[in-house]
Amino acid sequence: MIQYLRQSRNSCIITAGAFFPFFRSMYTQMVEVLGGQNGETAQERRFQARIDAAETIEAKDWMPEGYRKTLIRQISQHAHSEIVGQLPEANWITRAPTLQRKAILLAKVQDEAGHGLYLYGAAETLGVSRSQLVDDLLAGKAKYSSIFNYPTLTWADMGAIGWLVDGAAIMNQIPLCRCSYGPYARAMIRICKEENFHQRQGFEIMTILSRGTNAQREMAQDALNRWWWPSLMMFGPPDAESPHTEQSKRWKIKLLTNDELRQRFVDQTAPQADYLGLQIPDPALHGNADTGHYKFGQIDWAEFYNVIKGNGPCNRERLRVRKAAHDDGAWVRAAASEYARKREGLPALEQQI
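Residues numbered from 1 in each chain as written. Predicted model: local features only at pLDDT ≥ 70, side-chain atom pairs only at ≥ 80, totals over all residues. Heavy atoms only, no water.

Scored by pLDDT, the chain has a mean of 88; 87% of the residues are at 70 or more. The least confident element of the chain is helix H1 (residues 2-34), whose mean pLDDT is 39; the most confident is helix H9 (residues 214-233), at 98. This model gives residues 1-37 a pLDDT under 50, and the stretch forms 10 contacts once residues within four places in sequence are excluded. (pLDDT = per-residue confidence, 0-100. Helix = DSSP H or I, 4+ residues; strand = E, 2+ residues; numbered from the N terminus. Contact = heavy atoms within 4.5 Å.)

This is the structure:
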């Protein structure tokens, strides 16, 4: 009996030894599945290695769900901002001072519509439908840039928006041309080129007004007073309060933080205001020779958070107008869909209902 037990024991030891490579392999695979350092899976580590190597991620590539959701959130908000951003300026198309100004402003608003379409298309590559994104916007579930919830009271506001708002947009968007997600980066290249023209036309308006009559200079100064601080808020909350910045930088969706972009904008814009002979409404603003940057005052973040919660001067008006435009365009969408079906030889819309 004892001899049998010894033989059984030896057999078990031999068997376990023979299968040890298999057990070790299975254990290693389990570690890769469950995750390595910081809870990342092997697939996530390989993905991050591609990001760190500055490789471009395409729609067909594997990506972490968090990466996909972050992109959908950012790209859709960007698209919504382009669409809603048409409204403050469209208000002035019929009231522009000259026919040339009307044509320029009309072309700019059309550009913004095109930017929205590019960006909705980029978001769709991530597996979300454009209709769902639009529905979320109209239902008030999705956010867009807080800057577009302020009223445009005078023609000078068209100059301030082009100079400040589009200038801030360019500062934020140029790094996106090098972001890690290919469809988003490529869409941004054309958008940035067109936004550059928008910024120039806005600065031209401000230049003409600031060199005009006393009333025109006062109008330009008033527009700067009203749009300066909301423009600084466009870059988002301070880095310490931004829940997405750190991870977005790690994934190279964002290359610069909110505060870094805001500082660059102030450094670029303050000398432009001096050139125009206009006073930026910030008593604390001054150049720092040691750092080479401008020091600026404290932003009213309570106002910022109040606006993004839906309590800005024009939040409700913007959504009301957008919903009305969407409803008025229902027949166009239906006609386009039916035309596409006929071209593809599919049954008529009435037969499918």
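Right, let's get into helix H11 (residues 258-276). Given a rise of 1.5 Å per residue, 19 residues ought to cover 27 Å, and the 27 Å separating the end C-alpha atoms of H11 matches this to within 8%. Of the residues making up H11, those classed as buried are Asn258, Leu261, Arg262, Phe265, Val266, Asp267, Thr269, Ala270, Ala273 and Leu276. Those residues of H11 hidden inside the fold are in contact with helix H7 (156-173), helix H8 (182-210), H9, helix H10 (245-250), strand S2 (293-295) and helix H12 (301-311). (Expected span 1.5 Å × (residues − 1). Buried < 20%, exposed > 50% of the residue type's maximum accessible area, 1.4 Å probe, protein only.)

With that settled, consider the nonpolar core. In terms of nonpolar packing, the biggest core is built from 78 residues, with Tyr67, Ile75, Tyr181, Tyr184, Trp227 and Trp228 touching the most fellow members. Those residues within four positions of tyrosine 67 in sequence are excluded, and the remaining contacts are Phe47, Ile51, Ile57, Ser180, Tyr181, Trp251 and Ile253. (Core = buried A, V, L, I, M, F, W, Y, C linked by side-chain atoms within 4.5 Å.)

What follows covers unusual backbone geometry. Phi is positive for alanine 54, which is not a glycine, with a value near 65°. Position of alanine 54 among the secondary structure elements: in the loop between helix H2 (42-52) and helix H3 (65-84). Although it is not a glycine, lysine 252 sits at a positive phi angle of roughly 60°. On the secondary structure map, lysine 252 appears in the loop between H10 and H11.

A few words now on the packing of H7 against H11. Between H7 and H11, the shortest axis-to-axis distance is 10 Å and the interhelical angle comes to 145°. Once H7 is placed against H11, the crossing between them reads as right-handed. Between H7 and H11, the residues in contact are Trp163, Leu164, Gly167, Ala168, Met171 and Asn172 and Leu261, Arg264, Phe265, Gln268, Thr269, Gln272, Ala273 and Leu276, respectively. For the contact of H7 with H11, the class distribution of residues is 8 nonpolar, 5 polar and 1 charged. (Axes fitted to C-alpha atoms, helices over the stretch in contact; angles between N-to-C directions. Left-handed = near helix turned anticlockwise from the far one by under 90°. Nonpolar A, V, L, I, M, F, W, Y, C, P; charged D, E, K, R; others polar.)

In the structure shown here, the tally under the stated rule is 15 salt bridges. A salt bridge links aspartate 61 to arginine 50, with the nearest nitrogen and oxygen atoms 3.5 Å apart. Highlighted residues: aspartate 61 in the loop between H2 and H3 and arginine 50 in helix H2, separated in sequence by 11 residues. (Salt bridge = Lys/Arg side-chain N within 4 Å of Asp/Glu carboxyl O.)

Quick look at the packing of aromatic side chains now. Per the counting criterion, the structure on display carries 11 aromatic pairs. The interplanar angle of 80° and the centroid separation of 6.0 Å between the aromatic rings of phenylalanine 47 and tryptophan 62 together place this pair among those described as edge-to-face. In this pair, phenylalanine 47 sits in helix H2 while tryptophan 62 sits in the loop between H2 and H3, placing the two residues 15 residues apart along the sequence. We classify tryptophan 62 as partly exposed; its relative accessible area is 37%. Relative to phenylalanine 265, the ring of tryptophan 228 has its centre 6.0 Å away and its plane inclined at 25°; by these criteria the two rings are stacked. Of the two residues, tryptophan 228 sits in helix H9 while phenylalanine 265 sits in helix H11, which places them 37 residues apart along the sequence. (Phe/Tyr/Trp six-rings, centres within 6.5 Å; stacked < 30°, edge-to-face > 60°.)

What follows concerns the side chain of arginine 262. Relative to the elements of secondary structure, arginine 262 occurs in helix H11. Every residue in contact with arginine 262, bar those within four places of it in the chain, is listed here: Leu232, Met233, Phe235, Gly236, Pro237, Pro238, Phe296, Ile299 and Trp301.

In this section: the environment of tryptophan 155. Within the secondary structure, tryptophan 155 sits in the loop between helix H6 (130-138) and H7. Through-space distance from the C-alpha of tryptophan 155 to that of isoleucine 205 is 9.0 Å; in sequence the pair is 50 residues apart. Ignoring sequence-local partners within four residues, the contact set of tryptophan 155 consists of Trp92, Ala96, Pro97, Arg101, Leu105, Ile205 and Met219.

Okay, the environment of lysine 249 next. Residue position: lysine 249 is located in helix H10. Overall, the relative accessible area of 32% leaves lysine 249 in the partly exposed class. Distance from lysine 249 to serine 180, taken between C-alpha atoms, is 10.0 Å for residues 69 residues apart in sequence. Excluding residues that lie within four positions of it along the chain, lysine 249 makes contacts with Lys254, Leu255, Leu256, Thr257 and Glu260.

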